[in-house]
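Next come the chains, spelled out residue by residue.
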Amino acid sequence: MRLLLVEDDPRIAEPTVLALREAGFETVWRKNGLEGLEEARAGRYPLLILDVMLPGLSGFELARRLREENLEGSILFLTARDGLSDRVHGLDIGGDAYLTKPFELPELLATLRALARRSQNARQSRIGFGAGRGVMDTTNRRVFWDEAEVTLTAREYALLETLALGSERWYTRDELLERVWGPDFAGEARIVDVYISYLRRKLAAEVISSSRGRGYRLEI
């Protein structure tokens, strides 16, 4: 997994980078906050380790900017400042964990493995579709289109989720009827077409394709 370390003290950074690489993390090291911000924007790192007291741009300010720009990645703060208010502030602005200096490498690695597992689970619960315009959060049952949340009924959500989990496969009307409305549904099969039109209206017409004889497909 790719990892960005932003630390200005080479006495800490150099052995840490060696340990991280030996543990399997593809690690990039930057020495100040401005370099770290530029690298984070360009590299899209799932894990970031930020020293708090950085030249140019503090670790807290760096984290705040990353979150404002909606750059994903779990953030671990490293600092000699162990006061409660500092820890709370770091977590409030978007940090995910906090280690105080001096730290032990086994504890650092264990924390990173936990963050990596959490990050992986979060990615698995978020399904992108519509050429990046749509996101479905299956854990919290929320849908976003062009970064704005879309309100769906329970049936609309179930239909969209079924299409999203199909990885661009085609679903016939009968398949969707059984999966979303259930095998005991006694109404008209055309109800599927009606709800497809609802989703197209709330998202975009082109996001769900239709094909005679094959059915419907969500465009990923």
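Above this note sits the structure.
The written sequence of each chain sets the order in which its residues are numbered from 1. Residue-level local features of this predicted model are given only where pLDDT is at least 70; pairs of side-chain atoms are given and counted only at 80 or more, and the full residue set underlies all totals for whole chains, interfaces and linings. In computing side-chain values, all of the structure's heavy atoms are included and hydrogens and water are not.

Visitor: Explain the side chain of Asp 193 here, please?
Guide: Numbering goes from the N terminus for both helices and strands, where a helix is a DSSP run of H or I of at least four residues and a strand is a run of E of at least two. Of note, Asp 193 is situated in helix H8 (residues 191-202). Residue Asp 193 is classed as buried on the basis of its relative accessible area of 18%. The contacts of Asp 193, once residues within four sequence positions are left out, are Arg 173 and Tyr 216. Remark: exposure states derive from per-residue accessible area (1.4 Å probe, protein chains only) relative to the maximum for the residue type, with buried under 20%, exposed over 50%, and partly exposed in between. What makes two residues a contact is simply this: any of their non-hydrogen atoms within 4.5 Å.

Visitor: Just checking my understanding: could you explain the pattern of salt bridges for this structure?
Guide: A side chain with one charge can pair with a side chain of the opposite charge if their charged atoms come near. Just to be clear on terms, a salt bridge is a Lys or Arg side-chain nitrogen sitting within 4 Å of an Asp or Glu carboxyl oxygen. As enumerated under the stated definition, the model contains 18 salt bridges in all. Across the salt bridge formed by Glu 39 and Arg 30, the nearest N and O atoms sit 3.1 Å from each other. What makes Glu 39 buried here is its relative accessible area of 16%. A residue is classified by how much of its surface remains accessible, and Arg 30, at 28% relative accessible area, is partly exposed. Note that Arg 133 is salt-bridged to Glu 206, the shortest N-O span being 3.6 Å. Of the two residues, Arg 133 sits in the loop between strand E6 (126-129) and strand E7 (134-137) while Glu 206 sits in the loop between H8 and strand E10 (208-211), which places them 73 residues apart along the sequence. With relative accessibility at 53%, the residue Glu 206 sits in the exposed group. Connected through salt bridges with shared partners, the residues Glu 61, Arg 64, Arg 65 and Glu 68 form a single ionic network.

Visitor: Looking at this structure, how should I read the sheet that holds E7?
Guide: Neighbouring strands of a sheet are bound in pairs by backbone hydrogen bonds; such pairs are parallel or else antiparallel. Here the rule is simple: two strands pair whenever DSSP picks up at least two bridges between them. Here four strands make up an open sheet; going across it, the order is E6-E7-E8-E9 and the pairing antiparallel. Every other strand in the sheet has two partners, leaving E6 and strand E9 (148-150) as the edge strands with one partner each. Neighbour-to-neighbour, the strand axes of this sheet turn through a mean angle of 25 degrees, independent of strand direction. Pairing analysis gives four bridges linking E7 to strand E8 (residues 142-145), with the strands arranged antiparallel. Within E8, the position partnered with Met 136 by the bridge is Val 143. In this description, a line fitted to the C-alpha atoms serves as the axis of each element, helices being fitted only across the stretch in contact, and the angle between N-to-C directions of two axes falls anywhere from 0 to 180 degrees. Running over the sheet, helix H6 (residues 154-164) touches E6, E7 and E8 and is turned about 105 degrees from E7.

Visitor: Any chance you could explain the packing of H6 against helix H7 (residues 173-181) here in plain terms?
Guide: The interhelical angle for the contact between H6 and H7, taken along N-to-C directions, is 125 degrees, at an axis separation of 10 Å. The angle between the axes of H6 and H7 places the two elements in the oblique class. Crossing hand, H6 versus H7: right-handed. Only Leu 176, Arg 179, Val 180 and Trp 181 of H7 make contact with H6, whose side of the interface consists of Arg 155, Ala 158, Leu 159, Thr 162 and Leu 163. Here the term charged refers only to Asp, Glu, Lys and Arg, the term nonpolar to Ala, Val, Leu, Ile, Met, Phe, Trp, Tyr, Cys and Pro, and the term polar to all other amino acids, Gly among them. In the contact of H6 with H7, the residues fall into six nonpolar, one polar and two charged. These descriptions rest on fixed angle ranges, namely under 35 degrees for roughly parallel, over 145 for roughly antiparallel, 65 to 115 for roughly perpendicular, and the rest for oblique. With the far helix as reference, a near helix turned anticlockwise by less than a right angle produces a left-handed crossing, and one turned clockwise produces a right-handed crossing.

Visitor: I tried to follow the environment of Arg 118 on my own but got confused; where do I start?
Guide: Mapped onto the elements, Arg 118 comes out in helix H5 (residues 105-124). Its relative accessible area of 46% is what places Arg 118 among the partly exposed residues. As for Arg 118 and Ser 74, which are separated by 44 residues in sequence, their C-alpha atoms are 8.6 Å apart.

Visitor: Whenever I open this one, the packing of aromatic side chains confuses me. Can you help?
Guide: Aromatic rings in a pair are described by how distant their centres are and how their planes are angled relative to each other. Aromatic rings from Phe, Tyr and Trp, with only the six-membered ring used for Trp, were paired whenever their centres fell within 6.5 Å, and each pair was classed as stacked if the ring planes differed by under 30 degrees, edge-to-face if by over 60, and tilted otherwise. Applying the stated rule across the entire model yields six aromatic pairs. Here Trp 181 and Phe 185 contribute two aromatic rings whose centre-to-centre distance is 6.4 Å and whose plane-to-plane angle is 50 degrees, an arrangement assigned as tilted. The exposure class of Trp 181 is buried, given its relative accessible area of 11%. A relative accessible area of 32% means that Phe 185 is categorised as partly exposed. Taken together, a centroid distance of 5.0 Å and an interplanar angle of 70 degrees make the contact between Tyr 195 and Tyr 198 edge-to-face. With Tyr 195 and Tyr 198 both in helix H8, this residue pair falls three residues apart, about one helical turn. With relative accessibility at 18%, the residue Tyr 195 sits in the buried group.

Visitor: When you look at unusual backbone geometry in this model, what are you seeing that I'm missing?
Guide: Excluding glycine, a negative phi dihedral is what most residues carry, and trans is how most peptide bonds are arranged. The residue after Lys 101, namely Pro 102, is reached through a cis peptide bond having omega -5 degrees. The phi dihedral of Ala 131 falls on the positive side, at around 55 degrees, and the residue is not glycine. Along the chain, the position of Ala 131 falls in the loop between E6 and E7. Judged by relative accessible area, which is 72%, Ala 131 ranks as exposed. Phi at Asp 146 is positive, roughly 50 degrees, even though this residue is not glycine. With respect to the helices, strands and loops of the structure, Asp 146 is situated in the loop between E8 and E9. According to the relative accessible area criterion, Asp 146 is partly exposed, its value standing at 43%.

Just geometry here; none of it tells us what the structure is for.
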